[in-house]
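Next come the chains, spelled out residue by residue.
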Amino acid sequence: MRSFPEPHAMSRLLPLLLLGAALGASLGGCREFGDVTASIAGSSPAQPPSDREALRAYSDHWGKVYGDKPGEKYASINYARALRAQTRYKEAVAVMQAAAVKSPKDYEVLGEFGKALADDGDFQQARDVLSRSYPEDRPNWTLMSVQGSVADRLDDHVSAQNFYRAALKIAPDEPSVLSNLGLSYALSKNLGAAEDTLKRAAAQPKADVRVRQNLALVLALEGKFAEAEEVSRRDMSEEEASRNVAAIRSMIAQNDSWRALQGGAGKKAKAAG
């Protein structure tokens, strides 16, 4: 279902990701809407481990804690994150829904509930819940990036880009947000802006392979296959990079939606000229 591993703020989003899911293509990514926290387990939310065995142990631990304290804030958040890490989205939604019933005005609970809903594909409800997940005078850039991704999934790219720009005012040059913004431009058939934004994202010290994958995709959409391969080779062998770009090229040739993106971008360029 998902195309790109999600960028950090949507720490598994963006993320993604957005482009592939919207076009019905899949390049093997996993989740989209993630978490940016690292804190002491038991007293505040913690980030699930990436190792499979460690994740299973983490999930078992927090499942037991949650079983003893259903609806308790941190047990709910940590267990829901573990469930989402295992793509058990509906279970995560149920856990966070119970916590939200118990703490309907807790911003942290609402933020996690909104991300769980987004992971499960319930974008309309996710949009509503996330709109109440932080106070207006204390905006949360990570949640604003999630809101942008949800808006993109609802084909409201103007709102999505406004969320990303607002998030960047709080976290300037954050690569995960820039990556999401670049993908949103691509979805809007503005491949030139998408390329520029993703290059800016990839130039940041904190940029990772997921950001560069998104840049390679947009370059390929523009027909810049050699440059896309060059970007891909930063994280994979020459042979793997070649196969990766060839796969994208094949999908572009076979998928009407991908070709529509190229056509729309071409018309914009022609009009601008």
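Residues numbered from 1 in each chain as written. Predicted model: local features only at pLDDT ≥ 70, side-chain atom pairs only at ≥ 80, totals over all residues. Heavy atoms only, no water.

## Some remarks on the packing of helix α3 (residues 73–85) against helix α4 (residues 89–102)
The following threshold applies: Between N-to-C directions, angles span 0 to 180 degrees; the directions come from axes that are lines fitted to C-alpha atoms, helices contributing only their stretch in contact. In this description a helix means any DSSP run of H or I spanning at least four residues, a strand means any run of E spanning at least two, and both kinds are numbered starting from the N terminus. Any angle between 65 and 115 degrees counts as roughly perpendicular, while under 35 counts as roughly parallel, over 145 as roughly antiparallel, and the rest as oblique. The sense of a crossing depends on the near helix, which, turned anticlockwise from the far helix by less than a right angle, makes the crossing left-handed and, turned clockwise, makes it right-handed. By definition in these notes, contact holds between two residues if any of their heavy atoms fall within 4.5 Å. Classification convention: Asp, Glu, Lys, Arg as charged; Ala, Val, Leu, Ile, Met, Phe, Trp, Tyr, Cys, Pro as nonpolar; all other residues, Gly among them, as polar.
Orientation of α3 relative to α4, taken along the N-to-C sense of each, is 165 degrees, at an axis distance of 8 Å. Between α3 and α4, the interaxial angle falls into the category roughly antiparallel. Where α3 crosses over α4, the handedness of that crossing is left-handed. Side by side, α3 and α4 meet where Ser76, Ile77, Tyr79, Ala80, Leu83 and Arg84 of the first sit next to Tyr89, Glu91, Ala92, Val95, Met96 and Ala99 of the second. For the contact of α3 with α4, a count of residues per class yields nine nonpolar, one polar and two charged.

## Looking at the nonpolar core
In a soluble, globular protein the nonpolar side chains are often hidden away together inside. The cut-off we apply is this: Throughout, nonpolar core names a set of buried Ala, Val, Leu, Ile, Met, Phe, Trp, Tyr and Cys residues whose side chains join them through atoms within 4.5 Å. For every residue, the accessible area (1.4 Å probe, protein chains only) is compared with the maximum for its type, and the residue is labelled buried under 20%, exposed over 50%, or partly exposed between those bounds.
One finds Val95, Met96, Phe113 and Val150 to be the most contacted residues of the largest nonpolar core, which totals 63 residues. Looking at which element gives the most residues to this core, the answer is helix α11 (residues 209–221), with eight residues.

## Overview of the side chain of Lys115
Checked against the element boundaries, Lys115 lands in helix α5 (residues 107–119). Since its relative accessible area comes to 5%, Lys115 is described here as buried.

## Some words on the side chain of Ser59
Examined against the element boundaries, Ser59 turns out to sit in helix α2 (residues 52–68). The residues contacting Ser59, other than those within four sequence positions of it, are Tyr79, Ala82, Gln86 and Arg88.

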